[in-house]
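# An overview of the molecular structure
Each chain is listed here by its residues.
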Amino acid sequence: MIEIRKITKTYLSGDNATHALRGVSFTIKDGEFVAIMGPSGSGKSTLMHILGALDTPTSGTYKLDGHDVSKLTDDELAKIRRDQIGFVFQAFNLLPRATVLRNVMLPLVYAGMPAHERDGHARRALESAGMTEDRFQHKSNQLSGGQIQRVAIARALVNNPSLILADEPTGNLDTQTGNIVLGTFQRLNKDLGRTIILITHERDIAEHADRIIHIRDGEIVEDSGSHTKRIIPK
Amino acid sequence: MTTADILHETISALTANKVRTSLTMLGIIIGISSVIAMVSIGQGAQSSIQSSIQSIGSNLIIVSPGATRNFGYGASSGRGAAKTLTMKDVEAIAAEVGNIQALSPEVNGRYQITAKGTNTNTSVIGSKSAYAGVHNVTIDEGSFIGDQDVSVRSKVAVIGPTVRDDLFGVGAEAIGQSIRINGMEFKVVGLTKSKGSGGFGNQDDTIYIPLSTAQLFLVGDSTYVTSLSISATDASVMTQVQADITDLLLARHKISNAANADFNVLNQADIVSAASSVTGTFTILLAAVAGISLLVGGIGIMNMMLTTVTERTKEIGLRKAIGATRRDINIQFLTEAVALTLIGGAIGVILGWGASYAVTSFGILETQVSTTSVLLAFGVSALIGIVFGYYPARRASRLNPIEALRYE
């Protein structure tokens, strides 16, 4: 359960203040598949950083599963990311030196899970993300773009997080491979009940989600809600 | 992260760019190996000098005449050249100074030696039978100069193995042969055991003849000696014996100010400590030069670690995004630096050990690698890793994950 209330984020550089977010509020329930959509410069990246506990808002509150995470220190944020959030990035997904299996285990390593338990968790996550076992010992330069992204999804899943956050996950993929990856997200949402937030600037990608939050100039201009579409007047 | 995980990450990072890793390690390898080799060579030199000083005798006090001095601005002919140490002085010391175990008056000089078509030029020492005991001379064949030889001024000689090799050929039978010293014929009655050349001339390249014979036929003056070696009864009385001899000789020579003494009294312990302080300084110098190369190696580590942190900015961002704390990142990079220096240090110890072993086996010097210097080398290399790894690791751990992920 994600609740954000009147979140603002202001960047100061010299005398200029840039208002990246100007009071954003919404609630996302467990098991939702939401797309946050907006053009570049709309504030969607800033919103993703705050939702992903990579950054804290200037004002407003962010509650993740009832805990306020809007005013934590760097290391406290690291623990939130470790235990409650799984990331899938557009680029630079895997450690090139490590095998697929080791990459997926990495969040468990930082979470302090004993070595003998990690293997099973990582294998289950890879299977959920649609990877076949013959690729588990490959390194990322032996994989296709779609496979890399599915390993990244497995890594995001492996810690059993409250929220999976995908930042332009299909940005580097062709349409067909992108659709396979989006299909994976849909399956994780429908079959396993995962909460997924997809950040994108493309409407046809966003439409794979059940709910679209459209932001522009740091404000929500449209939130389709869980089912009822409503237009917020400017 | 468990220790196994940290090691896993470290090995994977260090093997990712083997050429760079080994070049960086090379700095530490050279630094540590030169410290080990230099210190072992220095210590080897020290103990070799000490043992060669010990080999000239034990609890030894050496009295030698001073320089001849003319009043005014006359040239000094150098210490030991004056005829200020007389046989009467020797008798007085023997009679009046206590705690003396043996006393060996000597005259020495270099002479041309010939024997059946071969010749050499070496040092000839006129000595009494006490010489062998005072100077630790041992006889291989025949016998040393006896008291009888001294009292009858017999023309007998005891030769060192090098003299034997030069005159009669390596390993040849020398006893009973004749040699000519300064034109006079001497019969060889003894051969000394090889001692090896030390810091004080080659004792194997020496000829011993009776003191009285040397005084009469070679020096032409039976009243003085060129040096007097005294062996004290015990190491603890050496300073006292030295002081007693000085006082006695000052009184006999009627010199009131010790600074104007026309003789020198040297204590073996003084020689050992002077030589030790020279070789000690030498060792420190060598170690300091090697230490500088170690420092340069450490800077090389820091340089590589900073490059690595910049290169792996995105990786650090990703690790932070999936939950690595500052501490996790810090430990990871610090471990990499320490692993570099420890592996480099281990290889350096092996190479340094090898180098000092080579020095020993080529017969240049008997070196010794001490456990202390090995442990110190490991400690220092770990410390270098921590010191020079600290700043890059701190920089990595403080990277902002958002900026790190965006880094191109």
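Residues numbered from 1 in each chain as written. Chains lettered and ligands numbered in written order. Predicted model: local features only at pLDDT ≥ 70, side-chain atom pairs only at ≥ 80, totals over all residues. Heavy atoms only, no water.

### Things to note about the interface of chain A and chain B
The extent of an interface is frequently quoted as the accessible surface area lost upon association of the parts. Condition: We call two residues in contact whenever any of their non-hydrogen atoms come within 4.5 Å of each other. As a working definition, buried area equals the accessible area (1.4 Å probe) given up by two parts on being put together, with both sides summed. Counted as salt bridges are all cases of a side-chain nitrogen of Lys or Arg within 4 Å of a carboxyl oxygen of Asp or Glu. Each polar contact in these results corresponds to two N or O atoms within 3.5 Å; when the atoms are within protein, one needs to be able to donate a hydrogen and the other to accept it, and residues that are neighboring in sequence are counted only if both atoms are side-chain atoms. Per the convention used, a helix needs a DSSP run of H or I reaching at least four residues, while a strand needs a run of E reaching at least two, with both numbered from the N terminus. Each residue gets one label: Ala, Val, Leu, Ile, Met, Phe, Trp, Tyr, Cys and Pro are nonpolar, Asp, Glu, Lys and Arg are charged, and the others, such as Gly, are polar.
On the chain B side, the residues contacting the 22 residues of chain A number 26 residues. Between chain A and chain B, the buried area comes to about 2,300 Å², and carbon and sulfur atoms account for 61% of it. One can count five salt bridges joining chain A with chain B. One salt bridge connects Asp5(B) with Arg118(A), and the closest N-O pair in it is separated by 2.6 Å. Between the two partners, chain A and chain B, sit eight residue pairs in polar contact (both at pLDDT 80 or more). Going through the elements one at a time, helix H2 (74-84) and helix H3 (100-111) of chain A are the ones with two or more residues in the side of chain A that touches chain B. Counting residues per element, the side of chain A that touches chain B draws most heavily on H2(A), which supplies six residues. Taken together, the residues that form the side of chain A that touches chain B break down as ten nonpolar, two polar and ten charged.

### Side note on H3(A)
Selection rule: Buried, partly exposed and exposed residues are distinguished by accessible area as a fraction of the type maximum, computed with a 1.4 Å probe on protein chains only: under 20%, between the cut-offs, and over 50%, respectively.
Within H3(A), eleven of the twelve residues are buried, which leaves it mostly tucked inside the rest of the structure. Turning to H3(A), its buried residues are Val100(A), Leu101(A), Arg102(A), Asn103(A), Val104(A), Met105(A), Leu106(A), Pro107(A), Leu108(A), Val109(A) and Tyr110(A). As for H3(A), its buried residues are in contact with H2, helix H4 (115-128) and helix H5 (145-157) of chain A together with helix H1 (3-16), helix H10 (313-321) and helix H11 (326-361) of chain B. With its phi angle positive at about 85°, Gly112(A) sits one or two positions after the end of H3(A).

### Brief notes about the domain arrangement of chain B
To keep it simple, the criterion reads: Each domain's extent is set by a domain assignment, obtained either automatically or from a database.
Structurally, chain B comprises domain 1 (3-52 + 274-406) and domain 2 (85-261). Taking only C-alpha atoms, the centre of domain 1 of chain B and the centre of domain 2 of chain B are 55 Å apart.

### Remarks on the side chain of Asn189(A)
All names here are of chain A. If you trace the backbone, asparagine 189 turns up in helix H6 (residues 175-192). On the basis of relative accessibility, which here comes to 5%, the residue asparagine 189 falls in the buried class. Within the local environment of asparagine 189, its side chain forms a polar contact with the backbone oxygen of arginine 194, the two atoms lying 2.8 Å apart. Setting aside chain neighbours within four positions, we find asparagine 189 in contact with Gly31, Glu32, Phe33, Arg194, Ile196 and Asp210.

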